[in-house]
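# Summary of the model geometry
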Amino acid sequence: MLLPKDRRAGVLTVLDYLTLNGKNLFVTNVSTGTVYKIPLHGDELPATSDVSMFESEPAAHGVVIDPVGGMAYVTRSEANTVDIFDPSAMRLVSRIPVADDPDGIFYIAANKAIYAASGDGKTATLIDPATRTVSATISLPGKPEFAVFDTQTNLFYQNLEDLSAIAAVDLSKHVVTNQWPLEQCVHPTGMAIDEQARQLFLGCGGNSRLAVFDLEKHSVVTSVPVGGGPDSVAYDAGLRRIYVTGRAGDLCVVERDSKGAFATVDTIALHFGAHTLAVDPVSHRLYVGYASLLIAPRIAVFSPLGP
């Protein structure tokens, strides 16, 4: 699926986060700062003309939608802001300054808060979507990459790329309550959670592995090799599959068998720079963002053949 040409695009276009929200897929463009909204129509692929754009300055990274107020939030690492925009009109509403290098952004339903992680600033910013203002900041011990919320403990697990560690954050108290080293995992990047099995799945950008972190033992229990420079990780609970993409352009499919052992069951060569993905837990379709050279960026769509 081709995205519309961006009038500000240069020779190389790099996409970042893919965010599924209802019947829409939001995609960010690091190179130009554009946010794309792609309407999804079941089995029918949307046309390029169906895609709408919110254009602004680079570099755009994460997008999250407030399910209560309906506004969308996007991080911009060159402006050091979280921009609030109307996802219906795809226009800017307001801008919130945050710490240096904001990247990952999440909506935490339990706290009714937006959480934005700033890598260089080693800070998490909490935003109250009701007032659209900063409600708190949390100092982090290292450079944050990705994070997931655990509804069983109400803790937010934030990986720390520079320390090869993971931190547990109490969002109600605005503090880091614990931190553990990630053995077998150098420079963690993307992450997903299986709450039922009490496991985190982490892409390890420094040694090209997928690590499995046990939330009860607080340690890495195993790891498997994946493609070079893994960046994004998604877990499809219905199919018990973990998907990993990285800058080398490999899509790796990892499965856990009935005995709890993990293995890479398929590796699909995509395109160099195809490093971000999202999975639809209902249709089980997988969406992967492709970098592009001299042409418009595009999204690849995969459907599973079965378990």
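Details of the structure are given in the entry above.
Overview of the structure. None of these values were measured; they are calculated from a predicted model. (Residues numbered from 1 in each chain as written. Predicted model: local features only at pLDDT ≥ 70, side-chain atom pairs only at ≥ 80, totals over all residues. Heavy atoms only, no water.)

For the rest of this paragraph, the subject is the overall build of the protein chain. Across its full length, the protein chain carries zero helices and 29 strands. In terms of overall dimensions, the protein chain is globule-like: its C-alpha atoms have a radius of gyration of 18 Å, near the 19 Å expected for 307 residues. Structurally, the protein chain occupies a C-alpha span of about 50 × 45 × 30 Å along its principal axes. In the protein chain, which comprises 307 residues, the share counted as buried stands at 55%. Put simply, of all contacts in the protein chain between residues at least 6 apart along the chain, 40% involve residues at least 24 apart. For the protein chain, the computed accessible surface area is about 12,700 Å², with 51% contributed by carbon and sulfur atoms. Taken together, the 23 basic and 33 acidic charged side chains of the protein chain have centroids lying 2 Å from each other. (Helix = DSSP H or I, 4+ residues; strand = E, 2+ residues; numbered from the N terminus. Rg over C-alpha atoms; globule rule 2.2 N^0.38 Å. Buried < 20%, exposed > 50% of the residue type's maximum accessible area, 1.4 Å probe, protein only. Contact = heavy atoms within 4.5 Å. Areas by Shrake-Rupley, 256 points an atom, 1.4 Å probe, with all protein chains shown as cover. Lys, Arg positive; Asp, Glu negative; His and termini not counted. Charge placed at Lys NZ, Arg CZ, Asp CG, Glu CD.)

This brings us to the nonpolar core. By size, the foremost hydrophobic cluster in this structure holds 17 residues, and its most contacted members are Y157, I166, L182, L200, L202 and F213. For this core, the element with the most residues is strand β19 (residues 199-204), which contributes three residues. Those residues in contact with L202 that sit more than four places away from it in its chain are N159, I166, L182, C185, P188, G190, M191, R209, L210, A211, F213 and V233. Listed in part, the 14 residues of the second largest apolar core include A124, I138, F156 and L171. (Core = buried A, V, L, I, M, F, W, Y, C linked by side-chain atoms within 4.5 Å.)

Counting across every chain of the model gives 11 salt bridges. The residue D194 makes a salt bridge to R256 at a minimum N-O spacing of 2.6 Å. Here D194, found in strand β18 (residues 188-194), pairs with R256, found in strand β24 (residues 250-256); they are 62 residues apart in sequence, far enough to count as distant. On the accessibility criterion, R256 (11% relative accessible area) is buried. Of the charged contacts, one joins R247 and D231 as a salt bridge, the two residues approaching to 4.0 Å between their closest N and O atoms. Linking R247 in the loop between β23 (241-246) and β24 with D231 in strand β22 (residues 230-236), this pair joins segments that are 16 residues apart in sequence. Members of the salt-bridge network, linked through shared partners, are E57, R76, D83 and R95. (Salt bridge = Lys/Arg side-chain N within 4 Å of Asp/Glu carboxyl O.)

On to the side chain of Q158, then. Along the chain, Q158 turns up in strand β15 (residues 155-160). There is a polar contact of 2.8 Å between the side chain of Q158 and the side chain of Y115. A polar side-chain atom of Q158 sits 2.9 Å from the main-chain carbonyl oxygen of F146. The residues contacting Q158, other than those within four sequence positions of it, are Y115, A117, L140, P144, E145, F146, A147, A165, I166, A167 and V169. (Polar contact = N/O pair within 3.5 Å; in protein donor to acceptor, adjacent residues only side chain to side chain.)

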